[in-house]
Amino acid sequence: MMVLTVTVICISAAVLVFWRIPYSGTRAEFQKLASGLLTGEPAADTVFTSKDWTPLPPPVQRYFETAGFTGYPKMSVMQAEFRNVKFSLGPGKPFITIGYNQVNAVSRTTRIAFIDTKLYGIPFQGLDTYIEGTGGMKGVLGKVFTLFNERGAEMDQACLVTFLSEALLLPSAALQSYVTWKPIDDLHAEAVITRYGSTAGGIFTFRENGECQSFTTTERTAVGMDGSRQKVRWSAYMDDYSIIDGIRQPNRLRAVWHYDEGDLVYFDSDNLRLEYR
């Protein structure tokens, strides 16, 4: 009995030490993918001009002109960092705090994101990927046990429309031929993205001062941690703009599922930081 007790204690101690060391396979996978994007994307040597915005609907033109992007170097990659994000595990489930880092690349329409948090004291890490038209969402508990690894056509489209929702934060993406813009009125514009055989779209809403207020789509599927899937209207809201390095950027970003029983703000961050390359 004593031997068994000592063995259990030793195993428990080893697991705790393993959880506390910085290394994880999921983090390493994200870092490898991010490094490839940062070194593999071509660096632009020109700047945006007012002519770049001319083909766009009026509210989109006004957004880029008032945000300070005219005269700004054209970028091929965007890095985004969110700290202390309030994140929901699903309707009726508790909120947790996560760290969230992502990289978007223009030419290959790529988006990767790394989620880092704990569930009941156990490390939980996630990796969202959209690479060459294939979307994926993986969750790993205790750095070892894969809880889910979602793939399929619905995931491909969901990841594609998520990339589109962030196109105004990455102007080079908004100007690509794979994005089609349609005017609606002075405060709304529709965007449709077609890539790797998939198509998705949504509506951008703007404020009168030129800020983008939100993006809304019906072409995302809510995937639960238990693998359940449900078509739900989805919105991304951008607020609390400020001037950073000469560019007006939102500090707060919220992602919302509009369920029939009520809205779920499942991602809420008020300290967004963007870097371009």
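Residues numbered from 1 in each chain as written. Predicted model: local features only at pLDDT ≥ 70, side-chain atom pairs only at ≥ 80, totals over all residues. Heavy atoms only, no water.

**Quick notes on the confidence of the model for the protein chain**
Working step 1: Put simply, the protein chain has an average pLDDT of 90, and 90% of its residues get 70 or more.
Working step 2: Across residues 3–19, where pLDDT falls below 50, the model places 8 contacts with residues more than four positions away in sequence or in other chains. (pLDDT = per-residue confidence, 0-100. Contact = heavy atoms within 4.5 Å.)

**Brief notes about the pairing of strand β4 (residues 122–131)**
Working step 1: Of all 10 residues that make up β4, 8 are buried, and the element is covered over most of its length.
Working step 2: As defined by bridge partners, strand β3 (residues 110–119) adjoins β4 across 9 bridges and the pair is classed as antiparallel. Pairing of T117 across the sheet is with F124, part of β4.
Working step 3: The hairpin formed by β3 and β4 contains 2 residues between the paired strands, and Y120 there has a positive phi angle of roughly 55 degrees.
Working step 4: Pairing geometry for β4 and strand β5 (residues 134–141), over 8 bridges, is antiparallel. Paired with L127 across the bridge in β5 is K138. (Buried < 20%, exposed > 50% of the residue type's maximum accessible area, 1.4 Å probe, protein only. Helix = DSSP H or I, 4+ residues; strand = E, 2+ residues; numbered from the N terminus. Pairing = 2+ DSSP bridges.)

**Digging into the packing of aromatic side chains**
Working step 1: Under the counting rule described, the total for this entry stands at 20 aromatic pairs.
Working step 2: An angle of 15 degrees between the planes, with centres 4.5 Å apart, marks the rings of W53 and F64 as stacked. Highlighted residues: W53 in helix α3 (residues 50–53) and F64 in helix α4 (residues 58–67), separated in sequence by 11 residues.
Working step 3: Overall, W53 belongs to the buried group, its relative accessible area being 0%.
Working step 4: Residue classification places F64 among the buried residues on the basis of a relative accessible area of 0%.
Working step 5: Arranged with centres 5.8 Å apart and planes meeting at 20 degrees, the rings of W257 and Y266 form a pair that is stacked.
Working step 6: Note on Y266: relative accessible area 12%, which makes it buried.
Working step 7: Aromatic rings pair up to connect F48, W53, Y63, F64, F69, Y72, W181, F204, F206, F215, W234 and Y276 into one cluster.
Working step 8: One residue, K86, lies across the ring of F95, its end atom 4.8 Å from the ring centre. (Phe/Tyr/Trp six-rings, centres within 6.5 Å; stacked < 30°, edge-to-face > 60°. Lys NZ or Arg CZ within 6 Å of the ring centre and 35° of its normal.)

**Brief notes about unusual backbone geometry**
Most peptide bonds adopt trans geometry, and most residues besides glycine take a negative phi value.
Working step 1: The phi dihedral of K143 falls on the positive side, at around 70 degrees, and the residue is not glycine.
Working step 2: Considering the arrangement of structural elements, one finds K143 in the loop between β5 and β6 (145–150).
Working step 3: Its relative accessible area of 12% is what places K143 among the buried residues.

**Focus on the pairing of strand β9 (residues 198–206)**
On a regular strand, each side chain points to the face opposite its neighbour's, so the side chains alternate between the two faces of the sheet.
Working step 1: Burial analysis of β9 places 7 of its 9 residues in the buried class, which makes it a mostly covered element.
Working step 2: Here 8 bridges tie strand β8 (residues 188–195) to β9, and the two strands are oriented antiparallel to one another. Across the sheet, H188 pairs through a bridge with T205, a residue of β9.
Working step 3: Turn length for the β8-β9 hairpin, with the two strands adjacent in sequence and antiparallel, is 2 residues, and the turn residue Y196 shows positive phi of about 55 degrees.
Working step 4: Across 4 bridges, the pairing between β9 and strand β10 (residues 212–217) is antiparallel. What sits directly across from F206, in β10, is C212.
Working step 5: Where β9 folds back onto β10 in an antiparallel hairpin, the turn is made up of 5 residues, including G210, whose phi is positive at roughly 100 degrees.

**A few points about the environment of L168**
Working step 1: By the secondary structure assignment, L168 is in the loop between α5 (153–165) and α6 (171–174).
Working step 2: Taking the C-alpha atoms as reference points, L168 and F215, 47 residues apart in sequence, are found 10.0 Å from one another.
Working step 3: For L168, the residues in contact, after removing those within four places along its chain, are V60, Y63, F64, F69, A174, W181, F204, F206 and C212.

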